[in-house]
Each structure stands twice: as C-alpha cells, then as structure tokens.
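# Coordinate analysis (summary)
Now for the letters of each chain:
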Amino acid sequence: MSEQRSVMVTGASKGIGLATAERFARRDDVGQVVVVARDSPAFDQAVARLEAVASPSVKVWPHRVDLADRAATLALVDDVYAMHGNVDVLVNNAGYTRPEPIHQIDFAEFERTMAVNLYAPFTVVQGLLHAGNRFEVVVNVASTAGMNGRSGWLTYSASKAAVINMSEVMREELAIYGTRVACVSPGRCATDLRRALAPDEDPATIMQPGDVAAAIEMLASDVGRFVDSANLVVRQ
Ligand SMILES: NC(=O)c1ccc[n+]([C@@H]2O[C@H](COP(=O)([O-])OP(=O)(O)OC[C@H]3O[C@@H](n4cnc5c(N)ncnc54)[C@H](OP(=O)(O)O)[C@@H]3O)[C@@H](O)[C@H]2O)c1
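Worth saying up front: this structure is predicted, and the values here are computed from it rather than measured.

## So, the site of the ligand
Around the ligand, a shell composed of 30 residues is seen, among which Ser13, Asn93, Tyr156, Cys189 and Thr191 lie nearest. A distance of 3.0 Å separates an oxygen atom of the ligand from a polar backbone atom of Gly11. A distance of 2.7 Å separates an oxygen atom of the ligand from a polar atom in the side chain of Ser13. The protein chains hide 95% of the 880 Å² of surface that the ligand would expose on its own. Here the ligand occupies the largest pocket. At the level of secondary structure, the elements contributing two or more residues to the shell around the ligand comprise helix H1 (15-25), helix H4 (107-131), helix H5 (154-174) and helix H6 (192-197). Here the shell around the ligand takes 3 residues from H6, the largest share from any one element.

What follows is the structure in structure tokens.
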C-alpha cells in the first residue's frame, strides 16, 4: 500500500457517492480519487466541486462509464489500473432503482437493476483482482431494503440482499490478502434515488448524504478495522 492512498468511488456524480468522494478528496493521506458516473452536466459539476475542495495532495480522475454495460465496466477497470495504479480503497456506491409492483416489472429493468447494483461491483472487484490489485478496503453500499423486502421494491430489494451476501463472501475470500470488505446498509437518505422510492417525503426530515459518507470514511480509517462491518446499518 502506498503512503498516500488511491480511492475509487462509483456513483460519484451526486448523493452519497459525491459526499463520500468529497470526504476522501479533502484528506492529506489520499493521493488520488477516481470517480465514476455516466457522462452528464451533473457529473462535470461534481468533478469541478471535488477539484475545488481537494487537498493539495489529491488529484481527481473522472471516468464516464455506464455501469450497466459490462463490457464498458471491464474496460473501465483496465483503464483505472493502467492509468492510476493500485486502488487501495474501493467504494462500490453506484445504485439504480425503478420501483414497480410485481405485475408491472419489466424484465429488462430487473436486469438493469442487477447489472448496476450487483454485477458492476462484482466486476470492478474481480477485474481489479485479475489486474493484480491489492485492496486495503472494499466498501459495498447495500441498503436496509436488502435486509427486509418492501412492497413495490422487488428488484431493488433483491439486488441489495445479494450485495449484502456477496460482501460476506468477498470478506472471507479476500481476508488472506489483508483486504477488509465492509458492507454499509443506509436507511432513507435525502437523494434523487430516495425521491424515486418515496416521492412524497420531505428530504429535510431524513438523513443526509454526508452522514452516510462519514460512516464510509470511518470504515476506511484505522478505527474501521475494529468495527463489525459485515453489514453496518446507518439510519436515523
Ligand atoms: N438514498 C437512500 O435512501 C439510500 C438508502 C439505502 C441505500 N442507498 C444506496 O446508496 C447508493 C447511492 O445512492 P444515492 O441515494 O446517493 O442515489 P443518487 O443520488 O441517485 O446517486 C446514484 C449514483 O449512482 C450512479 N449511477 C446510477 N446508475 C448508474 C450507471 N448505470 N452507471 C454509472 N453510474 C450510475 C449515479 O450516477 P449517474 O446517474 O450520474 O450516472 C449517481 O452518481 C446506492 O447504491 C443506493 O442504492 C441509498
């Protein structure tokens, strides 16, 4: 592990991912923050914000990729390792949902949900391992919806339940490399994704993205080694 850590955060154009990337970008013990989202004006603005707040030691590297596209995700992994070297801290945060009752679920939407929420984090981890990457910490962002199924959220709940379980397996298999694998399950948090799930809720009354980001940063810190991070629930 290098002295200044390299951090990679997916889904960093807004919400929890942007707040997480910002916390790492402000640190003096970080050298690079690799951020991933689809190409959009929002992502451009996020990158500009990260560059504005970053500590002098930190370089911000944006990668514009659709994580539902497996070939593009594999290419991303190759590019990241070739361009930036070892990823010490990986935060698999990108997430997608389109809540629909069972009778109306379009199978292509189910596949998209699984691709972004489950297959992409798997592909990034496996691809980097194949490239020779040695992770210090991997944080997978699941959800309390993955612990208890919710009516109308079948595809999302199923994908997040799988993320919780996948994290347990990664945690066991990667321990021999000295890698810690943590799973974070946020409860309701004021983001665009939450608005899709609960359009009538007042975002000012619920947890904010920075609160979850602080928990993720803690897991990647020294004290994180002593926290039971098999599935850390962060909620009000
Ligand atoms: N908010 C909550 O209440 C809550 C609760 C539990 C868990 N979570 C989880 O927290 C994580 C962050 O979500 P959030 O609440 O912060 O939502 P958000 O503000 O909507 O952000 C979602 C992020 O994921 C990225 N993303 C989505 N689809 C993508 C794709 N196909 N390719 C690349 N990036 C993609 C988005 O980027 P672009 O759209 O710009 O590409 C965005 O940066 C997710 O895993 C979510 O499931 C959220």
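## With respect to the sheet that holds strand S4 (residues 89-92)
If you trace the 7 strands from one edge of the open sheet to the other, you get S3-S2-S1-S4-S5-S6-S7, paired in parallel fashion. Two strands bound the open sheet, and with one partner strand each, they are strand S3 (59-64) and strand S7 (232-234). Between one strand and the next, the sheet's axes are offset by a mean angle of 15°, whatever the strand orientation. Two elements, strand S2 (residues 30-37) and S3, share 6 bridges in a ladder whose sense is parallel. Note that in S3 the partner of Val34 across the bridge is Trp61. H1 rests against strand S1 (5-10), S2, S4 and strand S6 (180-186) of the sheet, and its axis sits at about 165° to S2.

## Digging into the nonpolar core
Ranked by size, the top nonpolar core spans 35 residues in total, and within it Phe24, Val33, Val35, Val91, Val139, Val212 and Ile216 carry the most contacts. A total of 5 residues in this core trace back to one element, the largest contributor, which is H1. What Val35 contacts, discounting residues up to four positions off in sequence, is Val9, Ala12, Ala21, Phe43, Val47, Leu50, Val60, Trp61, Pro62 and His63. Core analysis: the next-biggest nonpolar cluster, separate from the first, contains 27 residues, Val80, Phe135, Met166 and Met170 among them.

## Notes on the pattern of salt bridges
What the rule picks out here adds up to 15 salt bridges. Here the salt bridges do not stand alone but share partners, grouping Arg23, Arg27, Asp29 and Glu217 into one network.

## What to know about the packing of aromatic side chains
On inspection of all chains with the given rule, the structure shows 2 aromatic pairs. Between Trp153 and Tyr156, the ring centres sit 6.4 Å apart and the planes meet at 75°, which makes this aromatic pair edge-to-face. Accessibility classification places Trp153 together with Tyr156 in one group, the buried group. Over the aromatic face of Trp61 sits the side chain of Lys59, whose NZ or CZ is 4.7 Å from the ring centroid. Cation over ring: Arg112 sits above Tyr96, and NZ or CZ is 5.3 Å from the ring centre.

## Quick look at the state of the cysteines
Enumeration according to the criterion identifies 0 disulfides in this entry. With no disulfide of its own, Cys183 lies 15 Å from the sulfur of Cys189, the closest cysteine sulfur. Accessibility expressed as a relative area gives 0% for Cys183, which makes it buried.

## Regarding the UniProt feature "domain: Ketoreductase" (unreviewed entry) in the chain
The positions UniProt marks with the feature "domain: Ketoreductase" (unreviewed entry) are residues 5-202. End C-alpha to end C-alpha, residues 5-202 measures 37 Å, and it is 46% helix and 18% strand.

## With respect to helix H2 (residues 41-53)
One turn of the α-helix equals 3.6 residues, which is why residues spaced by three or four share an orientation. Its 13 residues place the ends of H2 19 Å apart at the C-alpha level, agreeing with the 18 Å of an ideal helix rising 1.5 Å per residue. Along H2, the residues classified as buried are Phe43, Ala46, Val47, Leu50 and Val53. Angular distribution of buried residues about the axis of H2 spans 135°; they occupy a single face of the element. Facing away from the buried side of H2, by more than 90 degrees, are the exposed residues Pro41, Gln45 and Ala52. Those residues of H2 that are buried are in contact with H1, S2 and S3.

Calculation criteria
- Residues numbered from 1 in each chain as written.
- Predicted model: local features only at pLDDT ≥ 70, side-chain atom pairs only at ≥ 80, totals over all residues.
- Heavy atoms only, no water.
- Near = heavy atom within 4 Å.
- Polar contact = N/O pair within 3.5 Å; in protein donor to acceptor, adjacent residues only side chain to side chain.
- Areas by Shrake-Rupley, 256 points an atom, 1.4 Å probe, with all protein chains shown as cover.
- 1 Å grid on protein atoms, 1.4 Å probe; cavity = no way out; pocket = protein on both sides within 12 Å on 5 of 7 lines; lining within 4 Å.
- Sits in = over half its atoms within 2 Å of the grid points.
- Helix = DSSP H or I, 4+ residues; strand = E, 2+ residues; numbered from the N terminus.
- Pairing = 2+ DSSP bridges.
- Axes fitted to C-alpha atoms, helices over the stretch in contact; angles between N-to-C directions.
- Contact = heavy atoms within 4.5 Å.
- Core = buried A, V, L, I, M, F, W, Y, C linked by side-chain atoms within 4.5 Å.
- Buried < 20%, exposed > 50% of the residue type's maximum accessible area, 1.4 Å probe, protein only.
- Salt bridge = Lys/Arg side-chain N within 4 Å of Asp/Glu carboxyl O.
- Phe/Tyr/Trp six-rings, centres within 6.5 Å; stacked < 30°, edge-to-face > 60°.
- Lys NZ or Arg CZ within 6 Å of the ring centre and 35° of its normal.
- Disulfide = S-S within 2.5 Å.
- UniProt positions renumbered as here; feature names shortened; annotations may be inferred.
- Expected span 1.5 Å × (residues − 1).
- Arc of directions from axis to C-beta.

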